[in-house]
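Chain residues, written in single-letter form:
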Amino acid sequence: MNGVPGASDRQGHAAIYPGSFDPMTRGHLDVIERAAAIFDKVVVAVVVNPQKREPLFTLAERERMITASVAHLPNVEVTHFRGLLADFVRGRGATVIVKGLRVVSDFESEMSTALMNRSLSAVDTVFLPSDPRWSFVSSTLVKEVYSLGADVAEYVPPAVLQVMQAKRPAPRPAERS
Ligand code: PNS
């Protein structure tokens, strides 16, 4: 978004893409690639302690998997944050938060989160619709089907698959029952 009137004296638009990334999916990567084509800089911010549940992957693993998967995107940085997203966004001087929307239920929860974040930080959230190829892919489902023996290579970047396989080899079909 270069060339915005009045914005030439700023460092450009930095977007924060926050999430648990437990683990990163191809849907996440698609959102990052599209955001990187829109904004001057995209900061992928991994939440240290997700609210929902104890993460399967350590913070170091989650950051490493993302860093390897975005190596082809020069304007993407990977980092982590603790506490309020609004504080992190303000501290980084970011101008926008990016979130992907897969299904209608995402919209319901993301709307109030976006409004709360704007109220706390004066920073707006931009929603990118998920590519239909990935609209059914979530980190939770990927972990579930993988633990039951499914091949998830289609749903996660290669660097993520490697870490998943190293952490917990997928059971062979004969061991699935
Ligand atoms: O990948 P997720 O689980 O959709 O990511 C959720 C995340 C990390 C973006 C959200 O839980 C978050 O922002 N957590 C930080 C704590 C916070 O600021 N909570 C108030 C949100 S209004």
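No experiment lies behind these values; they were computed from the predicted model shown. Numbers given for residues are sequential positions, taken from 1 along each chain in its written order. Where totals are concerned, whole chains, interfaces and linings use all residues; where local detail is concerned, this predicted model gives features only for residues with pLDDT of at least 70, and gives and counts side-chain atom pairs only at 80 or more. The basis for the side-chain values is all heavy atoms of the structure; hydrogens and waters are excluded.

## A few points about the environment of Glu154
Numbering of helices and strands runs from the N terminus, with a helix taken as a DSSP run of H or I at least four residues long and a strand as a DSSP run of E at least two residues long. Examined against the element boundaries, Glu154 turns out to sit in the loop between α5 (139–147) and α6 (158–167). Here's how the labels work: a residue is buried when its accessible area is under 20% of the maximum for its type, exposed when over 50%, partly exposed in between, all with a 1.4 Å probe on protein chains only. What makes Glu154 exposed here is its relative accessible area of 51%. The spacing of Glu154 and Val137 is 17 residues in sequence and 9.9 Å in space, taken between C-alpha atoms.

## As for the nonpolar core
If you look at the biggest cluster of nonpolar residues, it comprises 35 residues, and the most contacted ones within it are Val44 and Val70. Elements with a minimum of two residues in this core: β1 (14–19), α1 (26–38), β2 (41–47), α2 (59–69), β3 (76–81), β4 (96–101), α5 and α6. Looking at this core, the element that brings in the most residues is α1, giving five residues. Contacts are residue-level and defined by heavy atoms, with any inter-residue pair within 4.5 Å sufficient. Look past the residues within four positions of Val44 in its chain and what remains in contact with it is Tyr17, Phe21, Ile32, Ile66, Val76, Glu77, Val78 and Thr79. What makes a nonpolar core is a set of buried Ala, Val, Leu, Ile, Met, Phe, Trp, Tyr and Cys residues whose side-chain atoms join them at distances within 4.5 Å. Core analysis: the second largest hydrophobic core is formed by 11 residues, Ala45, Phe81, Val89 and Ile97 among them.

## A few points about the site of the ligand
For this purpose, a residue is taken to be near a molecule or strand whenever a single non-hydrogen atom of the residue falls within 4 Å of it. Not every one of the 14 residues close to the ligand is listed here, only the nearest: Ser20, Lys52, Gly83, Leu85 and Lys99. Whenever a nitrogen or oxygen atom comes within 3.5 Å of another N or O atom, the pair is scored as a polar contact, on the condition that within protein one atom can donate a hydrogen and the other can accept it, and that pairs from neighbouring residues in sequence are kept only if both atoms are in side chains. Within the side chain of Ser20, a nitrogen or oxygen atom sits 2.8 Å from an oxygen atom of the ligand. When the ligand is considered free in solution it has 550 Å² of accessible area, and contact with the protein chains removes 76% of it. The definitions used throughout rest on a 1 Å grid laid over the protein atoms alone, on which a cavity is an enclosed set of points accommodating a 1.4 Å probe that cannot get out and a pocket is an open set flanked by protein within 12 Å on both sides along at least five of seven lines; lining residues are those having an atom within 4 Å of a point. Here the criterion for a molecule occupying a pocket or cavity is that more than half of its atoms lie within 2 Å of the pocket grid points. A majority-of-atoms criterion places the ligand in the largest pocket. Only the protein chains shown count as covering a residue, and every accessible area follows the Shrake-Rupley method with a 1.4 Å probe.

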